[in-house]
Amino acid sequence: MLGVLGTIQNFRLVIMSEEGKQMHALAEELFPICRSITGEGVRGTLHRVACEIPIVIHDVPSGTKVHDWVVPDEWNIRDAWIRGPNGQKVVDFKKCNLHVVGYSSPISSMMDLSELRHHLYSLPENPDWVPYRTGYYNHSWGFCVAQREIDLWEDGIYQVFIDAELSAGFLTYGELVVSGQTCEEFLISCHVCHPSLANDNLSGIVVAVALARHLLARPGRLTVRFLFIPGTIGSITWLALHGDVVPRIKHGLVLTCVGDRGGATYKRSRRSTATIDRVMNYIFQEVGLIERVLDFVPYGYDERQYCSLGYNLPIGVLSRSTHGSFPEYHTSADNMGFITEDALSDTLNKAICAIEMIEANCIYKNLKPMGEPMLGKVGLYDKGGGGRSGQFGELAMLWVLSLSDGTVDLLSIAERSKIPFPEIVGASLALEQAGIIRRS
Amino acid sequence: MLGVLGTIQNFRLVIMSEEGKQMHALAEELFPICRSITGEGVRGTLHRVACEIPIVIHDVPSGTKVHDWVVPDEWNIRDAWIRGPNGQKVVDFKKCNLHVVGYSSPISSMMDLSELRHHLYSLPENPDWVPYRTGYYNHSWGFCVAQREIDLWEDGIYQVFIDAELSAGFLTYGELVVSGQTCEEFLISCHVCHPSLANDNLSGIVVAVALARHLLARPGRLTVRFLFIPGTIGSITWLALHGDVVPRIKHGLVLTCVGDRGGATYKRSRRSTATIDRVMNYIFQEVGLIERVLDFVPYGYDERQYCSLGYNLPIGVLSRSTHGSFPEYHTSADNMGFITEDALSDTLNKAICAIEMIEANCIYKNLKPMGEPMLGKVGLYDKGGGGRSGQFGELAMLWVLSLSDGTVDLLSIAERSKIPFPEIVGASLALEQAGIIRRS
Amino acid sequence: MLGVLGTIQNFRLVIMSEEGKQMHALAEELFPICRSITGEGVRGTLHRVACEIPIVIHDVPSGTKVHDWVVPDEWNIRDAWIRGPNGQKVVDFKKCNLHVVGYSSPISSMMDLSELRHHLYSLPENPDWVPYRTGYYNHSWGFCVAQREIDLWEDGIYQVFIDAELSAGFLTYGELVVSGQTCEEFLISCHVCHPSLANDNLSGIVVAVALARHLLARPGRLTVRFLFIPGTIGSITWLALHGDVVPRIKHGLVLTCVGDRGGATYKRSRRSTATIDRVMNYIFQEVGLIERVLDFVPYGYDERQYCSLGYNLPIGVLSRSTHGSFPEYHTSADNMGFITEDALSDTLNKAICAIEMIEANCIYKNLKPMGEPMLGKVGLYDKGGGGRSGQFGELAMLWVLSLSDGTVDLLSIAERSKIPFPEIVGASLALEQAGIIRRS
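Residues numbered from 1 in each chain as written. Chains lettered and ligands numbered in written order. Predicted model: local features only at pLDDT ≥ 70, side-chain atom pairs only at ≥ 80, totals over all residues. Heavy atoms only, no water.

A. Structural detail: the overall build of chain A. What chain A contains, in helices and strands, is 13 helices and 21 strands. Put simply, chain A has 440 residues, and 59% of those count as buried. Surface summary for chain A: the accessible area is close to 16800 Å², and the carbon and sulfur share equals 52%. (Helix = DSSP H or I, 4+ residues; strand = E, 2+ residues; numbered from the N terminus. Buried < 20%, exposed > 50% of the residue type's maximum accessible area, 1.4 Å probe, protein only. Areas by Shrake-Rupley, 256 points an atom, 1.4 Å probe, with all protein chains shown as cover.)

Right under this line is the structure:
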């Protein structure tokens, strides 16, 4: 337990640069892959992750009913381009996989620029950026192009080509269960369905990988489950197929957009006062970022599913800049330069801290509640008078004794007493060792 | 239901001037009548109201026991005056019915001015105004006169004459029930016992009349009951005789002093968080008047009875300047010039809005609570991405889905989401139509 | 009851100077006695107190098990000194009893100054003051000396002498029960274990004596129990031996450091909303000292024991400058000049006021809750209109009627209505007399 304490006491510190480098490098490797909610891109990504940590890769067949939804057909794209009136390629999927609207139907056709324009998406306010668009359920096709490129195109007949296929296949996701001493579960979820976008959400993937590696190397009380899933349909699918596991999930975090230069942000679960919410509140308060703890709203990433009315799981969202609040969001500007080693490290650190705080956050029962116990006879009274013996002071012990009625957790004691959580943990361990309090 | 929505969306707007004119004109007609808690004045007032809306007029015999009270004898006055030493009338009831203290005993007597002074009431601080006084239960007599008049009186013998009668009769009140689709009742109460005073309470009477006319012309969910009663003894009498109706009253407003130039005011019911309180809070917040929502105090008008400990009905008070806070209160200066068409219209508008909001304020149950339902397959997903389809956005739907567990009403959803109530109503109607939520 | 009301209405006033003089004089008499947690000093103090009020003096034998503790052996000291190299006494217990660390072992020995220094305690930051130290449970010895004295000592051999004895005996405490009309108890606790220290806690002793004298002279509803006990071990001992009395304790105050020039302070009980907490909050608010009402912390004086988890008694602390916040704390500067007659009087006044407020703080049930009762027929309606008849206004009666449902106490009514507590009490007494409300 001293290791835990040590980590907690250091939760203001950023994990060393080595992890940051490794995470950034893995993201760089994954960046070129063309992912979508199904298909070879997801599979390739998961295989690469499997080289790092022992995830299991699951395939759920197209057509499987999952609650109100159906697992869609698998989409794979081989090539796509537009040739201008002079035969030159003006758009080439092979140069940037954002160019094709996700789940576009195949096409090979000639058309006038005026007709083609109905299938073009651009960002006039950021004319150099390529937007990211999808149309999973509307069976159309389209291209995303920088506005400055389109402005150069001359009128005339354009050749449009998309070599894509939508057919029965699988929805693929990765899962890893890091077993702890108890079956109480902490869920880490990240989405793997975006093509070449760094912050959203290669950052989430690489932090999850680093976190899993960290947890695999240590014994812990909590069982931590990692999900690498396509957004929305992935979490709905997993939830629908794991009714047996769901009740064991007592805490969780969705990791999304965790690599940009904005400060850390925590979005509360729908419950708003779950242990994960209180722990994150505490951590953010300690590092002076309390104003970046946000209320739950039913919009965002996979917390929409985990926190839906019928599940209402205690799962919050750890991110940096919030969903949709940065202009680079869902554009080609969300590239590898947009995420930093430091931000990834800081996120990793906060996730580790949350898990370890929850593991240390016991509830005790004072076994000698009638008056104060005589701390002196068990060596816990500071003869020097009022000072601190080691890691905790007398006052921390008195607070633990005063509030440990078998219902109040150590985090509540830290909050009420305003004594740092690690000191409260230290005091309670000493009192437990002296036989004065017992876990309940 | 679109009508409801339309009205609600416009609740910032003042109802058109036509109603204001009508209300003011009716008040002008009623102004000269000499009303008291019983007698011909009340009856005349109610007969005039009955020409506007189909109220039923009830007579409760003097001597009827009503809780801790007894219905008093009926008081009627024909004439009253004071003649000075020179025989000239210095006070004439026929010129202003405030001159005689309500429920004065008959008298015909000569007396010295020094003796008469014990029966005179005036307002030295507003020497031109005649005060309004009553003595329902103390069997005395008195005159109310402008101080400036009294100051002119010479010493000498005065002739005093009051031709009034106090004898067994009836307490009279008017009642109208506008039936709705349910037997859930909304009570509108106004008092009809004041003589020539405009704001207190001809304003309440004419707004109630206009509101009834409005409700009679539309179908509605709530049954709305109107009471035109003498203050205090009227509400006690009605309550004592309607033990069967009381449990059906789920909301209500006392309309009093609703015509002056002061801004609107809402005084909470004793419960303070009843639906009517929450709705009024919302309306006042929307129009930037939240500081004019006041806590309950057990003083005021008939809410004293409706909100008494044993009834504790969810009935608040809608007024303009609050009870007793304006100097014209209970004086001859509370005349027709003191109330305005605009103020009456604004009050009417707020009352309509309150009723329609409560009617629209359903509680739903999400029938597809496990994850989000697939909104696309029922045409509720905005393919354009994030925009609004018609009157409500995707976020409004997500909030309704997230919170509709069968216990949370739409107003709570509007409050928590900070999305306007009409938009929440629109989203819930669409979801209901799509079979995704059901009223509970 | 009018007496009670009178006192309450005057609670802003300081009790007359006579009591202040008496309290200060008694403290002066007690000052020279060398007290500790056991021994002749405590006994002598209690005998002097017994001349003032009829306390019973109890002796609990050394070795008695009391919860997690054991009553210690009795310590008595006859003489102690240090002689310098030249044979002159440099420290003399007879001049100041703080010089010897409490519970020092006997010694008679020669030693070098360098060795002696390990047994000397001083206050370099306040070089003229002698600190107060004890070592009840560590079987050592030591001297407390002004730093400025020590600085004058030359190197050499010193003669050290302590004629003290630690042997089986008794823990002694005093107890007085002032019976009231009910067995509902209010506990007043002060500690008697400090040697020549005025504020900590002769002040507490003399206020308790004056309070007891005041209560003995009047009939009251509450039974008030006074404890004059050694700190910590005394309250633990009393609690352990009075399991039958403890459940009757419904309120209480620890009186400690109640004589210095700092303003009054109240520290809440662990419950934080017990009646004593609410009453003290009210009193402090009335006198503009609300910021001196402090949250409970499990450190301090005997409230540590009374408010320990297993007892959780509704006992707060009344003091002036808070525990440990003044530099004179536990030093020779806490002398008779440090406490004032005015401060003692003000404390006494607040304690009396708290007890009388609690006695007056009934819960009533409105017997006529349906509508308002007709106050006129029982002479409680002010015919003059709106004014006040005697000590309370109509509004106070209306609030009592509105809230007295058999669960709400008068203090809550005063708080919610913002009408002074004495006026609420007056109104409720009148309504009770009229048979409209009944104590519940």
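Here the narrative resumes, following the displayed structure.
B. Representation of the packing of aromatic side chains within the structure. This model, assessed by the stated rule, comprises 30 aromatic pairs over all chains. On the numbers, 6.2 Å between centres and 75 degrees between planes, the contact of Trp141 of chain C with Phe143 of chain C is edge-to-face. Classification of Trp141 of chain C by relative accessible area gives buried; the value is 10%. Looking at Phe143 of chain C, the relative accessible area reads 0%, which means it is buried. Here a set of aromatic residues connected by ring pairs shows up, and it is made of Trp69, Trp75, Tyr103, Tyr136 and Tyr137 of chain A. A cation sits over an aromatic face here: Lys350 of chain B above Phe284 of chain B, 6.0 Å from the ring centre. (Phe/Tyr/Trp six-rings, centres within 6.5 Å; stacked < 30°, edge-to-face > 60°. Lys NZ or Arg CZ within 6 Å of the ring centre and 35° of its normal.)

C. Quick look at the relation of the copies chain A and chain B. Expressed as a screw transformation, the operator carrying chain A onto chain B has a rotation angle of 120 degrees and an axial translation of 0.1 Å, and the superposed copies differ by an RMSD of 0.1 Å. This pairing of chains is accounted for by a three-fold axis. Considering only C-alpha atoms, the residue of chain A closest to the rotation axis is Thr273 of chain A, which sits at 14 Å. (Least-squares fit on C-alpha atoms with pLDDT ≥ 70 in both.)

D. Expanded view of unusual backbone geometry. In the segment running from Asp200 of chain A into Asn201 of chain A, the intervening peptide bond is cis, with an omega of 20 degrees. Residue position: Asn201 of chain A is located in helix 6 (residues 198-216).

E. Representation of the interface of chain B and chain C within the structure. Taken together, the contact pairs 16 residues of chain B with 19 residues of chain C. Counting each side, the surface lost to burial between chain B and chain C is near 1800 Å², with a carbon and sulfur contribution of 56%. It is Asp68, Pro298 and Leu309 of chain B that lose the most area in chain B upon contact with chain C, and together they represent 36% of the buried surface on that side. At the junction of chain B and chain C, the tally comes to four salt bridges. A salt bridge links Lys368 of chain C to Asp68 of chain B; the shortest N-O distance between them is 2.9 Å. For the pair chain B and chain C, the interface holds eleven residue pairs in polar contact (both at pLDDT 80 or more). The residue makeup of the side of chain B that touches chain C, split by class, is nine nonpolar, four polar and three charged. (Contact = heavy atoms within 4.5 Å. Buried area = accessible area lost by both parts, 1.4 Å probe. Salt bridge = Lys/Arg side-chain N within 4 Å of Asp/Glu carboxyl O. Polar contact = N/O pair within 3.5 Å; in protein donor to acceptor, adjacent residues only side chain to side chain. Nonpolar A, V, L, I, M, F, W, Y, C, P; charged D, E, K, R; others polar.)

F. How the structure looks around the interface of chain A and chain B. Of the residues lining the interface, 16 residues belong to chain A; the matching set on chain B comes to 19 residues. A combined buried area of about 1800 Å² lies between chain A and chain B, and 56% of that area is made up of carbon and sulfur atoms. Among the residues of chain A in contact with chain B, Asp68, Pro298 and Leu309 of chain A are the three that bury the most area, contributing 36% of the side total. The interface formed by chain A and chain B holds four salt bridges in total. Asp68 of chain A serves as the salt-bridge partner of Lys377 of chain B, at 3.0 Å between the closest nitrogen and oxygen. The interface formed by chain A and chain B holds eleven residue pairs in polar contact (both at pLDDT 80 or more) in total. Considered class by class, the residues forming the side of chain A that touches chain B number nine nonpolar, four polar and three charged.

G. Summary view of the state of the cysteines. Within this structure, the stated rule accounts for zero disulfides over all chains. Free of any disulfide, Cys183 of chain B has its nearest cysteine sulfur in Cys362 of chain B, 16 Å distant. The exposed category is assigned to Cys183 of chain B, whose relative accessible area is 52%. In this structure Cys362 of chain C is a free cysteine whose sulfur lies 15 Å from that of Cys353 of chain C, the closest cysteine sulfur available. (Disulfide = S-S within 2.5 Å.)

H. Expanded view of the pattern of salt bridges. What the rule picks out here adds up to 83 salt bridges over all chains. Taking the shortest distance from any N to any O, the salt bridge between Arg304 of chain A and Glu394 of chain B comes out at 3.3 Å. Taken together, the positions of Arg304 of chain A in helix 9 (residues 303-306) and Glu394 of chain B in helix 11 (residues 394-403) put the pair across two chains. You can call Glu394 of chain B buried: its relative accessible area is 11%. The shortest N-O distance in the salt bridge between Lys267 of chain C and Glu303 of chain C comes to 2.8 Å. Here Lys267 of chain C is found in strand 14 (residues 265-267), whereas its partner Glu303 of chain C is found in helix 9 (residues 303-306), with 36 residues between them in sequence. With respect to burial, Lys267 of chain C and Glu303 of chain C carry one shared label: buried. Ionic contacts of the salt-bridge type, sharing partners, join the residues Glu29, Arg48, Glu52 and Arg213 of chain A into one network.

I. Summary view of a negative patch on the surface. Together, Asp112, Glu115, Glu154 and Asp155 of chain A make up a negatively charged patch on the protein surface. Relative to the elements of secondary structure, Glu154 of chain A occurs in the loop between helix 5 (147-150) and strand 9 (157-167). (Patch = residues over 30% accessible without salt bridge, like charges linked within 9 Å, V, L, I, M, F, W, Y side chains within 5 Å. Lys, Arg positive; Asp, Glu negative; His and termini not counted. Charge placed at Lys NZ, Arg CZ, Asp CG, Glu CD.)

J. Layout of helix 11 (residues 394-403) of chain A. Burial runs high along helix 11 of chain A: nine of the ten residues are buried. Among the residues making up helix 11 of chain A, those that are buried are Glu394, Ala396, Met397, Leu398, Trp399, Val400, Leu401, Ser402 and Leu403 of chain A.

K. Highlighting the packing of helix 11 (residues 394-403) of chain C against helix 13 (residues 421-433) of chain C. All names here are of chain C. Here helix 11 crosses helix 13 at 70 degrees, and the two axes come no closer than 9 Å. Relative to helix 13, helix 11 is oriented roughly perpendicular. In this structure, helix 11 contributes Ala396, Met397, Val400 and Leu401 to the contact, and helix 13 contributes Glu423, Ile424, Ala427, Ser428 and Leu431. (Axes fitted to C-alpha atoms, helices over the stretch in contact; angles between N-to-C directions. Parallel < 35°, antiparallel > 145°, perpendicular 65-115°, else oblique.)

L. Quick peek at the environment of Glu52 of chain C. Residue and element names in this part refer to chain C. Here Glu52 lies in the loop between helix 3 (40-50) and strand 1 (56-61). You can call Glu52 partly exposed: its relative accessible area is 27%. Once you skip the residues sitting within four places of it in the chain, Glu52 turns out to touch Leu26, Val209 and Arg213.

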